[in-house]
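Summary of the model geometry
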Amino acid sequence: MILVIAEQREGKLNRATWEAVAAAQQLAGGAPISVAVLGASTGGLGQELAAASVAAVLVAENAALEPYTPDAYAAAASTLIESVKPAYVLLPHTYQTRDFAPLLAARIRKPLVTDVTGINGTGADATFTRPMFQGKLAAQVKPQAGPPAIITVQIGAFRADAVQKGGAAAVKKVDLQIDPSAIRQKPEAPFREAKQAVDLGQAERIVSVGRGIKSQENIALAEKLATAMGAEIAASRPICDNGWLPMERQIGSSGQTVAPKLYVALGISGAIQHLVGMKGSRTIVAINKDAEAPIFEVADYGIVGDLFEIAPALITELEKS
Amino acid sequence: MKIAVCIKQVPTREWQPRLNDQKTWIREADISYEMNEPDAYALEEALRLRERHGGEVVVCSAGPARVQTVIREALARGADRAIHVEHDSLGAADAFVIAEALAAAMKDEAFDLVLTGLQSDDQGHGQTGVILAERLGIPSSTIIMDVRIEGSSMRVKRELEGGWFQWLAMPLPALLTIQSGINQLRYATLKGIMAAKKKEIKKASLPDGLQPSQQVVGLAVPTRSKQTQMITGSPADAAKELVRRLRDEARAL
Ligand SMILES: Cc1cc2nc3c(=O)[nH]c(=O)nc-3n(C[C@H](O)[C@H](O)[C@H](O)COP(=O)(O)OP(=O)(O)OC[C@H]3O[C@@H](n4cnc5c(N)ncnc54)[C@H](O)[C@@H]3O)c2cc1C
Ligand SMILES: Nc1ncnc2c1ncn2[C@@H]1O[C@H](COP(=O)(O)O)[C@@H](O)[C@H]1O
């Protein structure tokens, strides 16, 4: 049995849940799959999940699960695991699972393999591919001391539309005991910072600058290239962390998601948290001095070289005509 | 406030990976190392909290003798003392082993607050902090962008996806995993570097019998799925060719 724990917020499934179901179907190789959905009241989500070709959908409702806290979710998940006795537990690698999956693993003393991009083999023999060293290497990992092994699946690594549908899964309610006094985090409502002045989602072209730019003074070079291309300027996270460009120009999982006609990545390595924010762009150009940089994985055009030579040459070329 | 900061020493960002002969781990001989980036932000946050609320900042690191360099750097930036769990095997150990090793060395200290980075730049498990919290028997919250101490409890600001945030209240003691960008980093001064030489680094040994929770059976440069058209030549030639293709082929300019 493989257990998938779905992610929902306010009665809506996170799309990444379907990706985790697709990963589970691949890993199962025909073995049964249960999908669990947790929440205070999960409405029609159980039925929605039952559309997948899985053995069962488990609906675990408890008032203590709303709002989300790691303590309540780890308690609920460990109870589920005890009753289902899965060989693997699969979850999408989201901010929520980053928060409670390690707690769950620590509590039940079972291995947790995070950010998995590929599954090799099925069942007990499977190994899992995950990035290491900032995506410069891919590791093949075998969990020890399961079952179950807990696996979190990288966003975008498995295709939601590859989920095999057409199951006649039974939707079952499961009872959970969660002691509300054991929940130590008291969350307030989520909010967004002050309204963003720039909406990069509307930009036709974006020149995005990363740590390869080296210093704040050099941002001017990237801005000049942006002007020559008729593009907006944007950045990877470290540039905004340093205060070299405002936060609202950050692209990636914790910033904006964009899909312009043209995205030029200047000195950006291509960490997954950056890629998820821009890989939908129509044409991607990467300029990086490291031929092995992961950004080339998503680029349509690549130039391996020093941006301090390439960018001025591009500006000259663009200003010619 | 007695604050612990867990700091990992990781290969520098410029490092080009080289594999060992079995292709199961990296060749450690030719690596230069630095402080894991989110850990530097965690350290800075600890120093700021000490400035505001008094107390001490203790650096905790698990690793071979080489990690002394990063411990000294943290002491030079202003931490008061350090605990070093030293063992050669800790350089490549997984999150469970590291967390157990740190917990054993830290539990008698009864820290009010433990800060870690949210993720390491080398193995990138994103788990060590939370497992450590559980082993220390204290609550945790992750991906933190602000910390406000209010007596025996605190309010922390958690980053969510896509520009969303959330405040939450938690009792102390607790553990937080810190996100890069929470503050602006300070660097060591000459005075700090001199002072660091006299600060205490307590050695702790690795508890016996810790079992890894996962094993790396293979390591490789990722395979590429997309056909990237690489444009070569001098900077001027490459620029000319790229602009041509962006205009004629991609119609993106
Ligand atoms: C929970 C979480 C959320 C995150 N959210 C985001 C996010 O929303 N957005 C984001 O961007 N990151 C995010 N990150 C951080 C992300 O993991 C990476 O650390 C970050 O994207 C790296 O930025 P970079 O590519 O600019 O820097 P680096 O990884 O340091 O890369 C710099 C690149 O520049 C190249 N270079 C250096 N000098 C030159 C030169 N002279 N010419 C050409 N190339 C050069 C190098 O070869 C290298 O590839 C997040 C991380 C976490 C854990
Ligand atoms: N060997 C170590 N010594 C001290 N702290 C560590 C060590 N490994 C991991 N950590 C801490 O745990 C965080 C998360 O690491 P990881 O779980 O590997 O992503 C890091 O940012 C560090 O703060």
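Structure's up top.
Cut-offs used in this document
- Residues numbered from 1 in each chain as written.
- Chains lettered and ligands numbered in written order.
- Predicted model: local features only at pLDDT ≥ 70, side-chain atom pairs only at ≥ 80, totals over all residues.
- Heavy atoms only, no water.
- 1 Å grid on protein atoms, 1.4 Å probe; cavity = no way out; pocket = protein on both sides within 12 Å on 5 of 7 lines; lining within 4 Å.
- Points joined across faces, edges and corners; volume = space filled by probe spheres on them.
- Helix = DSSP H or I, 4+ residues; strand = E, 2+ residues; numbered from the N terminus.
- Nonpolar A, V, L, I, M, F, W, Y, C, P; charged D, E, K, R; others polar.
- Contact = heavy atoms within 4.5 Å.
- Buried area = accessible area lost by both parts, 1.4 Å probe.
- Salt bridge = Lys/Arg side-chain N within 4 Å of Asp/Glu carboxyl O.
- Polar contact = N/O pair within 3.5 Å; in protein donor to acceptor, adjacent residues only side chain to side chain.
- Near = heavy atom within 4 Å.
- Areas by Shrake-Rupley, 256 points an atom, 1.4 Å probe, with all protein chains shown as cover.
- Domains from an automatic or database assignment.

What follows covers empty space enclosed by the protein. Residue and element names in this part refer to chain B. Within the structure shown, the criterion is met by six cavities of 30 Å³ or more. By volume, the largest cavity is sized at about 370 Å³. Lining of the largest cavity is provided by 28 residues; of these, Lys 8, Gly 117, Ser 120, Thr 128 and Gly 129 occupy positions nearest its centre. Going through the elements one at a time, β4 (56–63), α3 (95–106), β6 (113–117), α4 (128–136) and β7 (140–150) are the ones with two or more residues in the lining of the largest cavity. Considered as a void within the structure, the second largest cavity measures approximately 120 Å³ in volume. If you trace the second largest cavity, you find 18 residues lining it, with Lys 8, Gln 9, Arg 66, Gly 91 and Asp 122 closest to the centre. Residue contributions to the lining of the second largest cavity peak at three residues, all from strand β2 (residues 9–11). Looking at the lining of the second largest cavity residue by residue, the class counts come to 11 nonpolar, three polar and four charged.

Turning next to the interface of chain B and chain A. In this assembly, 89 residues from chain B lie in contact with 80 residues from chain A. Carbon and sulfur atoms make up 52% of the surface buried where chain B meets chain A, a total of about 7,400 Å² over both sides. When the shortest N-O distance is used, the salt bridge between Glu 37 of chain B and Arg 211 of chain A registers 2.7 Å. Joining chain B to chain A, the criterion identifies 45 residue pairs in polar contact (both at pLDDT 80 or more). Across the side of chain B that touches chain A, the residue classes break down as 41 nonpolar, 28 polar and 20 charged.

Further remarks concern the site of ligand 1. Near ligand 1 you find 33 residues, and of these Ser 236, Ile 251, Ser 269, Gln 273 and Asn 288 of chain A are the closest. Nearby residues place ligand 1 at the junction of chains A and B. Between ligand 1 and Asp 306 of chain A there is a distance of 3.0 Å, counted from a nitrogen atom to a side-chain nitrogen or oxygen. Across the complex, the protein chains shield 91% of the 990 Å² of accessible surface that ligand 1 would expose by itself. Breaking the shell around ligand 1 down by element, the ones donating at least two residues are α4 (95–108), α6 (237–241), α7 (272–275) and α8 (307–320) of chain A. Considering only residue class, the shell around ligand 1 consists of eight nonpolar, 17 polar and eight charged. In this structure, the shell around ligand 1 is formed jointly by two domains, domain 1 (2–182) and domain 2 (200–320) of chain A, each of which donates at least three residues.

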